[in-house]
Amino acid sequence: MSGAKEQVTRMLALVPYLQHNQGVPLRKVADDFGVRPEQIVKDLKVLWYCGLPGLGPGELIDFNMESFEDDPDGRVQIWNADFLTRPLRLGSSEASALMVALRVLREGSPDESRAVIDRVLVKLEDATADATPTVPAHVVRTRADDAGTRTLLTRAVGEDRQVRLEYYVPSRDETTERVVDPIAVIERDGNAYLDAWCHLAQGRRTFRLDRIDAAEVLAQSRAHPDEAPRDLGEELFQASADDEVAILRLRPPARWLADYYPVDRVEEAPDGALDVTLRVGDGRWLVQLVLGQAPDVQVLSPASYAEEVSARARRALALYTDGVD
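What you see is a predicted model; the values in this text were computed from it and never measured. (Residues numbered from 1 in each chain as written. Predicted model: local features only at pLDDT ≥ 70, side-chain atom pairs only at ≥ 80, totals over all residues. Heavy atoms only, no water.)

**Student:** Hey, could you run me through the side chain of T176 in this one?
**Tutor:** Position of T176 relative to the elements: it lies in strand β6 (residues 174-188). Residue class for T176 comes out buried when judged on its relative accessible area of 10%. Here the side chain of T176 touches R178 through a polar contact of 2.7 Å, side chain to side chain. With sequence-adjacent residues up to four places away left out, T176 is seen in contact with L165, E166, Y167 and V169. (Helix = DSSP H or I, 4+ residues; strand = E, 2+ residues; numbered from the N terminus. Buried < 20%, exposed > 50% of the residue type's maximum accessible area, 1.4 Å probe, protein only. Polar contact = N/O pair within 3.5 Å; in protein donor to acceptor, adjacent residues only side chain to side chain. Contact = heavy atoms within 4.5 Å.)

In structure tokens:
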């Protein structure tokens with residue numbers, strides 16, 4: 001029996017092992033890796049379909065399968081795997097994705113971490129200066145775009161007009177369309193936000209300007225024109241009466257979450273963990289947070305969230321284990 005994780009780890013080690021031991025008997029390979037010869041054959045059959053993009057003749061890893069498939073004493077030889085010994089280089093799309101992730105990470109990082117991230121970004125940008133990466137527009141936006149959005153939203157407030165937004169929601173990795181009554185553009189901690197009444201959420205919401213993909217001033221007047229702008233001294237993201245209350249247990253590696261997210265209550269728990277109570281406006285966000293920090297975050301309540309986390313984890317695990325002996 002070999003799980004997916006163990007098989008992938010073994011296959012990554014098999015290639016350099018065989019490159020340095022051309023013609024090694026199958027039985028010895030199995031002994032060196034601590035598995036049965038039949039498992040090594042299964043591993044090699046998977047590797048047989050791996051190779052460079054294009055996956056054509058000469059691009060796939062190749063073996064002399066006939067000499068050992070039915071003979072534990074047969075000798076194993078490998079070809080077309082030299083590319084694995086060459087230094088890896090990022091393609092333009094890969095570099096773009098990495099830069100996007102670093103910029104998102106930078107937004108929530110302390111000053112000392114931002115300095116490190118900035119240095120990495122400079123190196124990546126220099127290395128890809130001649131490339132033409134494709135970067136998702138909703139993640140990387142220029143200050144000019146933000147300024148134009150700010151001007152449009154401020155005009156909508158002055159003209160008492162509603163605005164249609166295309167807004168990127170990072171916690172769900174999706175762009176939503178909604179109509180809002182803009183109240184004011186505010187700034188907090190170096191970021192600009194739109195304070196507005198959202199007709200999709202049926203409540204007051206705060207939107208980061210750099211996550212607004214598109215904004216259009218509508219002919220309709222605002223349905224909630226009398227809302228007063230939020231005091232900058234208030235918390236930007238306030239709880240709603242419709243929010244659910246959730247309790248999470250944060251093991252020591254995840255204690256930082258209690259400082260990063262607004263919580264109502266913090267209690268010391270066994271073994272250095274923290275039990276935190278927080279309000280949840282979107283259950284999908286909570287499930288994604290817990291899965292992203294597993295196994296250091298556990299849902300204590302409500303039980304429905306704990307069950308959803310377990311169900312999604314089982315589905316993800318099944319993708320790795322189905323069909324692997």
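Okay, back to it.
**Student:** Even after reading the chapter, I still don't get the packing of aromatic side chains, so can you show me in this structure?
**Tutor:** Counted according to the given criterion, the structure contains two aromatic pairs. Seen in terms of ring centroids, Y17 and F33 are 5.2 Å apart; in terms of plane orientation they differ by 80°. Their pairing is edge-to-face. Here Y17 is found in helix α1 (residues 4-20), whereas its partner F33 is found in helix α2 (residues 26-33), with 16 residues between them in sequence. Relative accessible area serves as the criterion here: at 16%, Y17 is assigned to the buried category. Accessibility expressed as a relative area gives 23% for F33, which makes it partly exposed. Centre to centre, the rings of Y167 and F207 are 5.0 Å apart; their planes meet at 80°, and the pair counts as edge-to-face. Note that Y167 is positioned in strand β5 (residues 161-169) and F207 in strand β8 (residues 203-208), a separation of 40 residues in sequence. The pair formed by Y167 and F207 is uniform in burial state, with each residue classed as buried. (Phe/Tyr/Trp six-rings, centres within 6.5 Å; stacked < 30°, edge-to-face > 60°.)

Any link to function would need more than the numbers given here.
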